[in-house]
Amino acid sequence: MQIVARESVEGLTAGRHRSIHQGSSIEFREHRPYVPGDDLKDIDWKVYGKSDRLYVRQFEDETNLQCTIMIDRSGSMNYAGERAVNLSAVTREGKTSKQDYATALAAAIAYALLSKQDAVGLLTFDTRIRDSLPPRTRSSHLHALLSVLAAAHRGGETELADVLAAAPAKLPRRGITVLLTDGFGDVSAIGQSLAAMRSRKQDVMIMQILDRDEIDFPFNDRIEFRDLERPDQRELVDARSLKESYLESIRRHNAALVSICNQRRIDHVMLTTDEPLVDALATFLHRRRALIVGRGAFARGGR
Amino acid sequence: MTWLNALMATASLSFVVPLAIHLLYRNRFRTVDWGAMFLIKDLVQTNRRSMRWQQWILLLIRCAIPVLLALAMARPLVSSLQSAAGTAPLSLILAIDDSRSMSATGRRENLLASLNALLESLSSGDEVILVAASQPEASLTMSASRAQVKLSELPFDSGPCDLVVLMSRAVDACSDATYPHRKIILASDFQDDADQVEVAELSLDQGSQAQPSTSNGAVSRFGELRSRLDQMNPAVGVDWLAVGNQDASTKKSASDQTAVGNISIAPLVQKTPVALVGQPVTLLSRVMNHSDRDTGTLQCRWTIDDALVSEQTLRLEPNRWQTVQCEYTPSQAGNSSVRVDCQVVDRIAADNRRHMVLSVAPTVRVGMVSSVPNEKLQSLAAVEFLQLALTLGAKPNESPIQVERFSPRQFQRWVEKSTSSSDHTEAFDCWFWLNVASPQQMAPRGQVALLEDWMRNAPPVVFVDGDQVRSEDWNAIDLLPAKLGNRIRLDSETSLAMPDRRYSVWQNLANADDDLFASVQIKRRRVWPDADRTDASGTDDRQMWLSSITGDAVIVHDPTTKITQFAISCDDQDSTLPLRPVCVPILQQLVYDLSGRGGVSKVLPGEAIRLERSDIAESRAMEIESGTSEPNWQSMALMATDPLGRSILVEPLTAETGWHFDDTLVSGVYQFDAPELRSPILRLVDVPASESTLGIMPEERRDALAEAAGARQCDDAETLLAATELDRYGREIWRPLMMATLALLIIELLWQQRRSIRPVAPMSDTTRVSSQPEVAA
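Basis of the calculations
- Residues numbered from 1 in each chain as written.
- Chains lettered and ligands numbered in written order.
- Predicted model: local features only at pLDDT ≥ 70, side-chain atom pairs only at ≥ 80, totals over all residues.
- Heavy atoms only, no water.
- Helix = DSSP H or I, 4+ residues; strand = E, 2+ residues; numbered from the N terminus.
- Buried < 20%, exposed > 50% of the residue type's maximum accessible area, 1.4 Å probe, protein only.
- Contact = heavy atoms within 4.5 Å.
- Areas by Shrake-Rupley, 256 points an atom, 1.4 Å probe, with all protein chains shown as cover.
- Phe/Tyr/Trp six-rings, centres within 6.5 Å; stacked < 30°, edge-to-face > 60°.
- Lys NZ or Arg CZ within 6 Å of the ring centre and 35° of its normal.
- Pairing = 2+ DSSP bridges.
- Axes fitted to C-alpha atoms, helices over the stretch in contact; angles between N-to-C directions.
- Parallel < 35°, antiparallel > 145°, perpendicular 65-115°, else oblique.
- Nonpolar A, V, L, I, M, F, W, Y, C, P; charged D, E, K, R; others polar.
- Core = buried A, V, L, I, M, F, W, Y, C linked by side-chain atoms within 4.5 Å.
- pLDDT = per-residue confidence, 0-100.
- Salt bridge = Lys/Arg side-chain N within 4 Å of Asp/Glu carboxyl O.
- Patch = residues over 30% accessible without salt bridge, like charges linked within 9 Å, V, L, I, M, F, W, Y side chains within 5 Å.

1. Some words on the overall build of chain B
Link 1 in the chain: Assigned secondary structure in chain B consists of 20 helices and 37 strands.
Link 2 in the chain: Every one of the 777 residues in chain B was classed for burial, and the buried ones make up 48%.
Link 3 in the chain: Here the contacts in chain B between residues at least 6 apart in sequence split such that 75% fall between residues at least 24 apart.
Link 4 in the chain: Carbon and sulfur atoms form 51% of the exposed surface of chain B, whose accessible area is close to 37,000 Å².

So this is what it looks like as structure tokens:
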């Protein structure tokens, strides 16, 4: 799993030559007059050459990112379509399920964040929160994260809204929460729970992971659908006649979820398991950058 | 329903194949572990019922396809209740309207083509009964090939055809059919008046065309015939072949413009009431143009006894007619054949010529009976006045009117002789009874019944009033047109009024510049209690020919008894009529007119010509001197020569009644001759002018009649054949079955396509593209 995460991150950053300044911020804030005791390396000699006065360059304070990855391990995440990307390192049954995809993506995100000295935590849940690792910046924390991610999960029924309502207690006071889920459940209840997370100063990013089959419903024959969360529930249907109605339903559900997220200033990203993992990671990093900039602006506004 | 290939029908059991497939695959499905079950559960409930319906319909379609295919390949025949059982022999009754209008260009050809096609389609076991409108009896059953020959021999030159009668005869002929399966085909042009009993005849006297009396009972009569057919077992089918409907196509295809319309000659009319030797006779006719084109120059020729008499050139505008006439002075007595013909090419050739038989008498013989003995001068005046008026202007013994006087006793003897003998050599053309006191005075042996018997076949009688007439005796018998009242002297003299139009022969006298009738003063007259002021409009049969200016009838005529009655005497005691010049033309014209009424009778084609003994006797009387012994009627061999020149021996019906000749299908003049006769007897077979009009019955009326008769209507051979084959074999319905199969296949295919390639709505941007919350700048 670590290899998958590293390949994803390195593949994404290959060709870049950007130095990493650990422990300090690279964001310039303002100049101030030099006072004795200031570090000489902070003096801006170019300004001195122009004005014949000593000014010290002052930067934003370093704020390490505290990111908590919440990963949905309910039964519905076990669906594995034919068209999903091949993640042989993490798959258990030959086909990549949404769960596998979410696990690989979580590992990649953790690897990327830890490599930037950000703190990364992990919450897994199905019917309730199962595993919880608080955010840490240590590189050794990656091993712990991957161990939890690689552990077998039970699946089963879930109610996303209830889990999200219980999650803030496990989260740090401020930080970013990345929710890897398929988003199946009561959208309005999910919205209320997300609102509660937002009130705890959590920047939430929902990465909705769906299989391509769940979007275009490619079935035509007589199909018996067996519920992944409750295997005793089955429905024998003529998939061809059901298709149009299903597509309309999934479209409405996703639109409602997006609408809820927009209302609560929650970042929503839809991913399908047939997309390369690196693209999904790129999407995350892009959004992370936006979150940092947004929070910095917010911090300046607060001063 | 029958099958041409019944074995293939068993293939319809293959419907079990899709059924089995359906049942087999009903429990075969794929199981998919699905995450978004919460979305499917809501949908399954709403879609389950429609899914079930769709599956049932699809199953039905799939089962129906092999069934319909098998049925189509089995070639089923749907037959009506009236149909024969396939190859069962059929009795076909052909009712043919062979009237002259059917001989129009195109109609006859279409009829023969259609019926020949039908007859050729019959099998050798079938039989045909031919019912021609012109022939009184239906033919015996014959084969189809023989019927074709018979059809081709029909002259199509008979008189108007009454469709109801023709149909009725066809229904009667059904009982002569050998086979139980019968079918009637009535072929006609459905001429405009074909459903009406009486036919319009051209009347030159009236100067206009008489209107036919419409018969609105045709529909009900056809309905009655339909009821008769329905009572037969099996019911008899009826088809009508309307050949007149194809006139439009004939018109388009006709290259010769003159052949498009029709030009006809109306029946000839003799303007002069009686034709006498040496007296000019005027013959009239009309040439009518029934087309929408100008006729161009036409040459009309009058021929009498094959000698050209007159020639006339004329030109007719579209739909107009013109009178043509010929003046002819017969040189000898006897019958003459008159013909007028017009050389033109048109749609009906037969009506371009017209015949008549002109009967020329040597003189008009008038018998004059007076009740007063000749030696009494007071009565002699009336006889002398009358004889003078009738013979004025001619030399003695050369007058065209020969008058012979009789006393009542002489008259009695003459009546006795004429009724007991067949010798008509002493026949008179007209009788005048002058001042006869009573009928007993005229009756043989005083028996009035004998007089009444003689009167039934007697020539016209003119009863002239007088002071000897005893009204009570004449009123005791119902003989005279008017009951007799008293003779009265008028207080003031009154004159004659202008003649009424009911008797038009005196019109010329009335139309003269000087009113000749006004000069006649009436001083005394007989009162007619029931006939004075007789309604000229004709509430009864009596006709008032002359009246006074006060409206009192002076001359009354009863066309039934042929008795003309005068209210005044013919001497100068009652009126000044014998003293006035108008008396001569009045009385002469009256004698001519009464003598000439009747003339030579004519019959329609197909009707029998009946020759009485009197006809033979008259012919003999013209050539043989009186006193010849009674001919031997039994041994008389009468030969008929028809217009085509064929000689046929006429069999006497009975020796006592006369001869009966019914081979009269061809119109024209028929000659009857025998060694005992010096000159042949001529009779005319003629077709009314109405047969020259080519108008056809309005479609609505024909539809109503066909509906009442339960008949299908066909216009050509193709539809007639199809209708007959439908009745006989039924309708083959493999085509609609095959079409239904193809339609179901297409429906099934489209259904499948719709289910498999249902358009998938693209994901909206809001779901495809991840949303991003607004970030504060």
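We are not done yet, so read on.
2. Considerations on the packing of aromatic side chains
All names here are of chain B.
Link 1 in the chain: Evaluated as defined, the whole model comprises 27 aromatic pairs over all chains.
Link 2 in the chain: By way of ring pairs, the aromatic residues F406, F411, W414, F428, W431, W433, W454, F463 and W474 are connected into one cluster.
Link 3 in the chain: Against the face of F428 rests R365, its NZ or CZ located 4.3 Å from the ring centre.
Link 4 in the chain: If you follow R702 out to its NZ or CZ, it ends over the ring of F190, 5.6 Å from the centre.

3. Notes on the sheet that holds strand β21 (residues 430-434) of chain B
Residue and element names in this part refer to chain B.
Link 1 in the chain: As summarised here, the arrangement of the seven strands in space is β20-β19-β21-β22-β27-β26-β25, forming an open sheet in which the pairing is mixed. Where the open sheet ends on each side, the last strands, each with one partner, are β20 (401-406) and β25 (543-547). When the angles between neighbouring strand axes are averaged without regard to direction, this sheet yields 20°.
Link 2 in the chain: Pairing between strand β19 (residues 364-370) and β20: six bridges, direction parallel. Pairing of V369 across the sheet is with F406, part of β20.
Link 3 in the chain: Against the sheet, helix α10 (residues 408-420) contacts β19, β20 and β21, and its axis sits at roughly 105° relative to β20.
Link 4 in the chain: Relative to β21, helix α12 (residues 448-456) is tilted by about 145°, and along the sheet it contacts β21, β22 (461-464) and β27 (563-566).

4. Notes on unusual backbone geometry
Link 1 in the chain: The peptide bond linking B:N233 to B:P234 adopts the cis configuration, its omega dihedral lying at 0°.
Link 2 in the chain: Among the structural elements, B:P234 can be located in the loop between α7 (218-231) and β9 (237-242).
Link 3 in the chain: Non-glycine residue A:F217 carries a positive phi angle of around 45°.
Link 4 in the chain: In this fold, A:F217 is placed in the loop between α7 (212-216) and β8 (222-227).
Link 5 in the chain: Residue A:F217 is classed as buried on the basis of its relative accessible area of 0%.
Link 6 in the chain: Within the chain, B:F156 stands out as a residue other than glycine whose phi angle is a positive 50°.
Link 7 in the chain: Relative to the assigned elements, B:F156 resides in the loop between α5 (144-153) and α6 (163-173).
Link 8 in the chain: Take B:F156: its relative accessible area is 1%, and that puts it in the buried class.

5. Comments concerning the sheet that holds strand β6 (residues 182-188) of chain B
Backbone hydrogen bonds hold the strands of a sheet together, and the pairing may be parallel or antiparallel.
Residue and element names in this part refer to chain B.
Link 1 in the chain: Sheet architecture is open: five strands sit in the order β5-β4-β6-β9-β36, paired in parallel fashion. Each end of this open sheet is capped by a strand with a single partner; those strands are β5 (127-132) and β36 (711-714). Mean inter-strand twist for the sheet, computed between neighbouring axes without regard to direction, equals 20°.
Link 2 in the chain: Looking at chain direction, strand β4 (residues 91-96) and β6 are connected through six bridges and run parallel. The partner of I93 across the bridge, within β6, is I184.
Link 3 in the chain: Where α5 meets the sheet, it contacts β4 and β5, and its direction lies at approximately 20° from that of β5.

6. With respect to the packing of α6(B) against α7(B)
Residue and element names in this part refer to chain B.
Link 1 in the chain: Contact geometry of α6 with α7 gives a least axis separation of 10 Å together with a crossing angle of 10°. One element, α6, and the other, α7, form an angle in the roughly parallel class. Contact with α6, carried on its side by L163, V164, V165, M167, S168, V171 and D172, involves A218, R221, F222, L225, R228 and L229 of α7 and no other residues of that element.
Link 2 in the chain: Here the contact of α6 with α7 is composed, by residue class, of nine nonpolar, one polar and three charged.

7. Here's the deal with the nonpolar core
Side chains that are nonpolar tend, in soluble globular proteins, to be buried together.
Link 1 in the chain: A:I69, A:L105, A:I109, A:L180, A:M207 and A:F284 are the most contacted members of the largest nonpolar core, which has 42 residues in total.
Link 2 in the chain: Of all the secondary structure elements, the ones that give two or more residues to this core are β3 (66-72), α3 (98-115), β4 (119-125), α4 (141-150), β6 (175-181), β7 (202-210), β10 (267-272) and α9 (277-302) of chain A.
Link 3 in the chain: With 13 residues, α3(A) is the single largest residue contributor to this core.
Link 4 in the chain: In this structure A:L180 touches A:I69, A:M70, A:I71, A:D72, A:M77, A:A102, A:L105, A:A106, A:M207 and A:I209, once residues within four positions along its chain are discounted.
Link 5 in the chain: The next biggest cluster of nonpolar side chains, apart from the first, holds 39 residues, and it includes B:V383, B:V403, B:F432 and B:F517.

8. Describing the confidence of the model for chain A
All names here are of chain A.
Link 1 in the chain: Overall, the prediction assigns chain A a mean pLDDT of 81, with 83% of residues at 70 or greater.
Link 2 in the chain: When the criterion is pLDDT under 50, residues 14-25 qualifies, and its contacts beyond four places in sequence or with other chains add up to ten contacts.
Link 3 in the chain: Contacts from residues 296-303, a stretch scored under 50 in pLDDT, to residues over four places away or in other chains number six contacts.

9. Observations concerning the pattern of salt bridges
Residue and element names in this part refer to chain B.
Link 1 in the chain: Per the stated rule, a full pass over the model turns up 34 salt bridges over all chains.
Link 2 in the chain: Its salt-bridge partner being D473, residue R470 comes within 2.8 Å of it at the nearest N-O pair.
Link 3 in the chain: Using a relative accessible area of 39% as the deciding quantity, one classes R470 as partly exposed.
Link 4 in the chain: The shortest N-O distance in the salt bridge between D574 and R524 comes to 3.1 Å. In this pair, D574 sits in the loop between β27 and α15 (583-596) while R524 sits in strand β24 (residues 521-526), placing the two residues 50 residues apart along the sequence.
Link 5 in the chain: Owing to a relative accessible area of 21%, R524 belongs among the partly exposed residues under this scheme.
Link 6 in the chain: One continuous salt-bridge network, built from bridges that share partners, spans D465, R487, R524, R526 and D574.

10. Focus on the environment of A:I260
Link 1 in the chain: By the secondary structure assignment, A:I260 is in helix α8 (residues 239-263).
Link 2 in the chain: Setting aside anything within four residues of it in sequence, one finds A:I260 in contact with A:V187 and A:G191.

11. Some points on the confidence of the model for chain B
Residues and elements named next belong to chain B.
Link 1 in the chain: Predicted confidence across chain B gives a mean pLDDT of 79, with 81% of residues reaching 70 or more.
Link 2 in the chain: A low-confidence stretch, residues 197-215 (pLDDT under 50), is modelled with 32 contacts involving residues beyond four sequence positions or located in other chains.
Link 3 in the chain: Counting contacts from residues 254-259, a segment whose pLDDT is below 50, to residues more than four positions away or on other chains yields eight contacts.
Link 4 in the chain: Interface scoring of the predicted complex returns ipTM 0.77; its pTM is 0.55.

12. Looking at a nonpolar patch on the surface
Residue and element names in this part refer to chain B.
Link 1 in the chain: On the surface, V16, V17, I21, L24 and Y25 cluster together to form a nonpolar patch covering roughly 470 Å² of accessible area.
Link 2 in the chain: Relative to the elements of secondary structure, V17 occurs in helix α2 (residues 16-26).
Link 3 in the chain: With a relative accessible area of 46%, V17 lands in the partly exposed category.

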